[in-house]
Amino acid sequence: MPQSFDDISAQLRARHRKSARLKWISMGALGLAALFLVLFFADMLVKGLPAFQQAQIQVEVDYSEETSKMPLKAVDRDMSRLVSRGFLRLIPGRMKNDPELLGTRQMEWVTATAEVDQYLKGHYSRLKDDQKAIVDQLVDEGRAELRFNSTFFTSGDSKMAELSGIASAAMGTVLTLLVTLAVSFPIGVMTAVYLEEFAPDNRFTQLIEININNLAAIPSILFGLLGLAVFIGFFGMPRSSPLVGGMTLALMTLPVIIISTRTALRSVPDSIRHAAFGVGCSRWQMVRDHVLPIALPGIMTGSIIGLAQAMGETAPLIIVGMVAFIPDVSASLSDAATVLPAQIFTWAGEPERAFIEKTSGGILVLLAVLITLNATAVVLRKKFERRW
Amino acid sequence: MQTNQLLAMFSGSLLLLGLIAYLLGRSKAARVRASGASMYSQPDQYAWFTVLSTAGPALAVGAVASILMLSLGAEVSPLYLLIGCLLVACIGLVVGIQMVRPNFHARQAIESVIRFILAGAALISIFTTLGILVSIIFEAIRFFQMQNFWDFITGTTWNPGASFLEAAGRAKEGASAAQFGSVPLFAGTFMITFIAMLVAIPVGLLAAIYMAEFAPARIRTIAKPVLEVLAGIPTVVYGFFAAITVAPIIVGIAGFFGLEASFNNALAPGIVMGIMIIPFISSLSDDVINSVPDSMRQGALALGLTKGEMIRDIVVPAALPGIISASLLAVSRALGETMIVVMAAGMRPNLTANPLEDMTTVTVRIVAALTGDQEFASAETLSAFALGLVLFVVTLALNLVSVMMIRRFREKYRVNNL
């Protein structure tokens, strides 16, 4: 059947419409991903920002012989339910340190309980109605308000939500990442240098290469099993310690560092190598004095990205026991420690509403650090990008 | 004496000996050179050679001896070991200085040692893989000595309940015998992986098509790093998000349609995991689509295809091996993903096809088995390694197939950067 010109142009229009539809759908897919990102960050900000504020109330504290034995009596009975027990417990110690306090009564701003905190922030709270009335009255008198929560950054974990913070987890993260970096950076760079500059192209080299790519795709939890069986089970290293956690993460980060270092080495033009050989350098001198310095920014970029990945990793650390409850900040490589993601995981398991806020607050801190790290890597790459 | 102190003493004295070696080696080389002999290498290179000959053998002896001691449990005092190592170092120092002669090629000697060290570093990645394999297999074998392998693979009940009593030699007190049938765990894992892929593959692939074929360069340069932010979010954060935000929404929506959903439903972790994997698929597919040769596009357009038809009939089929490879890698990631499911999926092994019910996965059970206060030798703890072994085998197979697919694509179009 012969087609008229109109038929053909109608077909053509339909085909172009279809083409345009694909464009819009695919654009929508990208938009969906972006939308999710926005929703996610909005959700975390809404949930987490209140964690940086903490309710404080002004109460009269009685420093007497009696309260040094029974610190719970230091404040009025009505008020003592509203004041964090963590503060009251410190009273005897403070009186010991400062004998002049004895026998005085002082108005002080102190940390309120998590329930008061949640009530002031307008969330569900388990306070009784009469307690709520007291808090409302305190607010009217200007004796209760939300202030910047410095405790969140200076103290470790606590079973009392109002006193728990991320300091010990942050310290654990720093120690763990130091171990990770100290182990994986030299080994990774050395491996990459060997593969790119020294190794002959034979079966052995290919085996290593396939193996590295495979290692990069192994589920992280299996590295946890390795750490548990080898470092803790076989070598008897201390469980839950930054040493074991760091070494486990190092083995995980190794492929990332190797692969990015190789890319950096490969982008160094051969003319530099030829010139080095030309003036009588040996292979190692060529690598050490010419290739490595040029490739260094690329190596740094890759290592920062690898480190950021290691910093967000939780599963292998749970397996080697780094989810311990750590109230005190410790600076030892062999003591039990926890890291930020593990702290977030622990808090996420707590039933109280106040801990959801802490969890989101911890997440905000972690995301801020990670985004800073990644941005640094991007800036480094841009700054040292060189066209040969 | 403490191990830490011994280590400090060892490294301290080794450093000191190394310094002595460097100074002695250099002064001897300088002396020989001053006497008018023509030497193969620079004095510094001789000095470094003596340092290597001092520290190398001592470190090697120390490492081998301590590994032997740890693995065999031999009772040798660490102090003797320390003294032995330092003796070896002293001998190395003397020999090294003896070898500083005009016709000795110190530079080549250093080079070969360095090459040896670099190759040793490259071996560590192999040792890591072997370590994972060996440690998992050994513990898994211990598990299969207690439990029947066939029951593990085909059993439909996972109930480790009373296994700790057996380990304590009190098996009779247990209410029910422990059962380790892994089918419900794998069913749950595949269900959540399937949901994740349902989200990740269409969205990731379409986003890649948009970025590679339609988007102006400016959007491309913004979109790629923004998507990569998704990939950089720690999984523990995704898990929290799935459990606290997404799961209640799903329960609410299901309730609106008159369906009952569990708060630990499989849908929430599945969807969030899918979102996590989007950038993984999109950036790999984007690379693959970009390396389809332009001549194919030009040919298609010249024959009168619309852009949409060109993409659907020419570009995507040409890029298919690479896209499949990306998807397989993504599946392997989803299978091994832990934190999202630990926090948002259930703990209850549940053999069901309804994604609104709670179900558990392999990785959840691994974590559960290793975080309880169980004795290490109990069947429940060891079951983690058996599950880990299966996980390792499955992901390894997926990775290998994916590598083969991408290699086929690379050979077909002679792309170098994939």
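Residues numbered from 1 in each chain as written. Chains lettered and ligands numbered in written order. Predicted model: local features only at pLDDT ≥ 70, side-chain atom pairs only at ≥ 80, totals over all residues. Heavy atoms only, no water.

- As recorded in an unreviewed UniProt entry, chain B goes by the name Phosphate transport system permease protein, listed as coming from Halomonas binhaiensis.
- Annotation of chain B in UniProt includes, under Function (unreviewed entry), the sentence "Part of the binding-protein-dependent transport system for phosphate; probably responsible for the translocation of the substrate across the membrane."
- Under Sequence similarities (unreviewed entry), UniProt gives the following word-for-word description of chain B: "Belongs to the binding-protein-dependent transport system permease family. CysTW subfamily." (UniProt positions renumbered as here; feature names shortened; annotations may be inferred.)

- As annotated in an unreviewed UniProt entry, chain A carries the name Phosphate transport system permease protein PstA and comes from Halomonas binhaiensis.
- Entered under Sequence similarities (unreviewed entry) in the UniProt record, the comment concerning chain A runs "Belongs to the binding-protein-dependent transport system permease family. CysTW subfamily."

Looking at the overall build of chain B
So, step 1. Helix and strand content of chain B: 15 helices and two strands.
So, step 2. Over its C-alpha trace chain B gives a radius of gyration of 30 Å, far above what one expects of a compact globule, namely 22 Å for 418 residues.
So, step 3. Summarising its shape, the C-alpha atoms of chain B cover approximately 95 × 80 × 35 Å along the three principal directions.
So, step 4. Contacts spanning at least 24 positions in sequence make up 75% of the contacts within chain B whose residues lie at least 6 apart.
So, step 5. Counting every atom, chain B has about 19,700 Å² of accessible surface; 67% of that belongs to carbon and sulfur.
So, step 6. Within chain B, the 22 negative side-chain charges are centred at a point lying 16 Å from the centre of the 24 positive side-chain charges. (Helix = DSSP H or I, 4+ residues; strand = E, 2+ residues; numbered from the N terminus. Rg over C-alpha atoms; globule rule 2.2 N^0.38 Å. Contact = heavy atoms within 4.5 Å. Areas by Shrake-Rupley, 256 points an atom, 1.4 Å probe, with all protein chains shown as cover. Lys, Arg positive; Asp, Glu negative; His and termini not counted. Charge placed at Lys NZ, Arg CZ, Asp CG, Glu CD.)

Let's talk about the overall build of chain A
So, step 1. Helix and strand counts for chain A come out as 16 helices and three strands.
So, step 2. Since a compact globule built from 388 residues should have a radius of gyration of about 21 Å, the 30 Å found for chain A marks it as more spread out than a globular shape.
So, step 3. With respect to the three principal axes, the spread of C-alpha positions in chain A is 90 × 75 × 40 Å.
So, step 4. Burial analysis of chain A (388 residues in total) assigns 51% to the buried set.
So, step 5. Nonlocal contacts in chain A, meaning residues at least 24 apart in sequence, comprise 76% of its contacts between residues at least 6 apart.
So, step 6. Looking at chain A as shown, the accessible area adds up to about 18,400 Å², and 61% of this sits on carbon and sulfur atoms. (Buried < 20%, exposed > 50% of the residue type's maximum accessible area, 1.4 Å probe, protein only.)

Overview of the state of the cysteines
In a disulfide, the sulfur atoms of two cysteines are covalently bonded to one another.
Residue and element names in this part refer to chain B.
So, step 1. Counted under the stated rule, the structure contains zero disulfides over all chains.
So, step 2. Left unpaired, C85 is separated from the closest cysteine sulfur, that of C90, by 11 Å.
So, step 3. The exposure class of C85 is buried, given its relative accessible area of 2%. (Disulfide = S-S within 2.5 Å.)

Observations concerning the nonpolar core
So, step 1. Grouped together as the largest cluster of nonpolar side chains are 152 residues, with contacts concentrated most on L222 of chain A together with M273, I277 and I366 of chain B.
So, step 2. At 16 residues, the largest contribution of residues to this core is made by helix 7 (residues 183-214) of chain B.
So, step 3. Sequence-distant contacts of I366 of chain B, that is, excluding residues within four places in its chain, are made with I221, L225 and I319 of chain A together with A384, L387 and G388 of chain B.
So, step 4. Counting residues in hydrophobic clusters, the runner-up holds 41 residues, among them I272 and L292 of chain A together with F104 and A122 of chain B. (Core = buried A, V, L, I, M, F, W, Y, C linked by side-chain atoms within 4.5 Å.)

Quick look at the packing of helix 7 of chain B against helix 10 (residues 267-290) of chain B
Packed helix pairs are characterised by how far apart their axes lie and by the angle those axes make with each other.
Residue and element names in this part refer to chain B.
So, step 1. At a minimum axis distance of 6 Å, the contact between helix 7 and helix 10 shows a crossing angle of 35 degrees. Handedness of the helix 7/helix 10 crossing: right-handed.
So, step 2. Its residues assigned to classes, the contact of helix 7 with helix 10 comprises 23 nonpolar, six polar and two charged. (Axes fitted to C-alpha atoms, helices over the stretch in contact; angles between N-to-C directions. Left-handed = near helix turned anticlockwise from the far one by under 90°. Nonpolar A, V, L, I, M, F, W, Y, C, P; charged D, E, K, R; others polar.)

Overview of the domain arrangement of chain A
Residues and elements named next belong to chain A.
So, step 1. Parsing chain A into structural domains produces domain 1 (50-149) and domain 2 (167-387).
So, step 2. Relative to domain 2, the C-alpha centre of domain 1 lies at a distance of 44 Å.
So, step 3. Each side of the interface is counted separately: domain 1 has twelve residues, and domain 2 has eight residues.
So, step 4. Here domain 1 and domain 2 share an interface that buries about 690 Å² over both sides, 56% of which is from carbon and sulfur atoms.
So, step 5. In terms of surface lost to domain 2, no three residues of domain 1 exceed A51, F52 and Q118, which account for 55% of the buried area on that side. (Domains from an automatic or database assignment. Buried area = accessible area lost by both parts, 1.4 Å probe.)

Some points on the UniProt feature "domain: ABC transmembrane type-1" (unreviewed entry) in chain A
So, step 1. Those residues carrying the UniProt feature "domain: ABC transmembrane type-1" (unreviewed entry) are residues 170-377 of chain A in this numbering.
So, step 2. End C-alpha atoms of residues 170-377 of chain A are separated by 21 Å, and the span's content is 77% helix alongside 0% strand.

Things to note about the sheet that holds strand 2 (residues 104-111) of chain A
Residues and elements named next belong to chain A.
So, step 1. Here three strands make up an open sheet; going across it, the order is 2-1-3 and the pairing antiparallel. Two strands bound the open sheet, and with one partner strand each, they are strand 2 and strand 3 (144-148). Averaged over all neighbouring strand pairs, the angle between strand axes comes to 35 degrees, with direction disregarded.
So, step 2. Pairing between strand 1 (residues 53-63) and strand 3: five bridges, direction antiparallel. (Pairing = 2+ DSSP bridges.)

Notes on the interface of chain A and chain B
So, step 1. Each partner contributes to the interface: chain A provides 72 residues, whereas chain B provides 76 residues.
So, step 2. Summing both sides of the interface, chain A and chain B together bury roughly 6,500 Å²; the carbon and sulfur share of this comes to 79%.
So, step 3. Three residues, L30, F36 and L225 of chain A, lead the burial of chain A against chain B; their summed loss comes to 9% of the area buried on that side.
So, step 4. For the pair chain A and chain B, the number of links is one salt bridge.
So, step 5. We note a salt bridge from R15 of chain A to E309 of chain B, for which the minimum N-O separation is 2.7 Å.
So, step 6. Between chain A and chain B we count 14 residue pairs in polar contact (both at pLDDT 80 or more) in total.
So, step 7. Looking at which element gives the most residues to the side of chain A that touches chain B, the answer is helix 1 (residues 5-48) of chain A, with 20 residues.
So, step 8. By residue class, the composition of the side of chain A that touches chain B is 52 nonpolar, 13 polar and seven charged. (Salt bridge = Lys/Arg side-chain N within 4 Å of Asp/Glu carboxyl O. Polar contact = N/O pair within 3.5 Å; in protein donor to acceptor, adjacent residues only side chain to side chain.)

With respect to a negative patch on the surface
So, step 1. A surface patch of negative charge is lined by D76, D78, D129 and D130 of chain A.
So, step 2. Given a relative accessible area of 63%, D129 of chain A falls into the exposed group. (Patch = residues over 30% accessible without salt bridge, like charges linked within 9 Å, V, L, I, M, F, W, Y side chains within 5 Å.)

A short note on the pattern of salt bridges
So, step 1. The tally for this structure, following the rule as stated, stands at 21 salt bridges over all chains.
So, step 2. With a shortest N-O distance of 2.8 Å, E197 of chain A and R273 of chain A are connected by a salt bridge. Here E197 of chain A is found in helix 8 (residues 167-198), whereas its partner R273 of chain A is found in helix 12 (residues 270-278), with 76 residues between them in sequence. Note on accessibility: E197 of chain A and R273 of chain A belong to one class, buried.
So, step 3. R297 of chain B is the salt-bridge partner of D294 of chain B, the closest N and O atoms lying 2.7 Å from each other. Residue D294 of chain B and its partner R297 of chain B are both found in helix 11 (residues 294-302); the two are separated by three residues, about one turn of the helix.
So, step 4. D294 of chain B gets classed as partly exposed once you look at its relative accessible area, which sits at 46%.
So, step 5. We classify R297 of chain B as buried; its relative accessible area is 10%.

Thoughts on the UniProt feature "transmembrane region" (unreviewed entry) in chain A
Residues and elements named next belong to chain A.
So, step 1. UniProt records the feature "transmembrane region" (unreviewed entry) at residues 21-42, 166-195, 215-237, 243-265, 291-312 and 361-380, using the numbering of this structure.
So, step 2. What you have in residues 215-237 is 74% helix and 0% strand, and the ends, taken at the C-alpha atoms, are 24 Å apart.
So, step 3. Overall, residues 291-312 shows 100% helix and 0% strand. The separation of its end C-alpha atoms is 32 Å.

Considering the environment of E352 of chain A
So, step 1. Tracing the backbone shows E352 of chain A in the loop between helix 15 (340-348) and helix 16 (353-384).
So, step 2. Remark: the alpha-carbon pair of E352 of chain A and I299 of chain A, spanning 53 residues in sequence, is separated by 44 Å.

Topic: the packing of aromatic side chains
So, step 1. With the rule as written, the count across this model stands at 22 aromatic pairs over all chains.
So, step 2. Their ring planes at 85 degrees and their centres at 5.2 Å tell us that W158 of chain B and F180 of chain B sit as a pair that is edge-to-face. Residue W158 of chain B is located in strand 1 (residues 158-159), and its partner F180 of chain B is located in strand 2 (residues 179-180); the two are separated by 22 residues in the primary sequence.
So, step 3. A connected cluster of aromatic rings, assembled from ring pairs, spans F52, F148, F152, F153, W347 and F355 of chain A.
So, step 4. Positioned above the aromatic ring of W109 of chain A, the side-chain terminus of R147 of chain A is 4.1 Å from the ring centre. (Phe/Tyr/Trp six-rings, centres within 6.5 Å; stacked < 30°, edge-to-face > 60°. Lys NZ or Arg CZ within 6 Å of the ring centre and 35° of its normal.)

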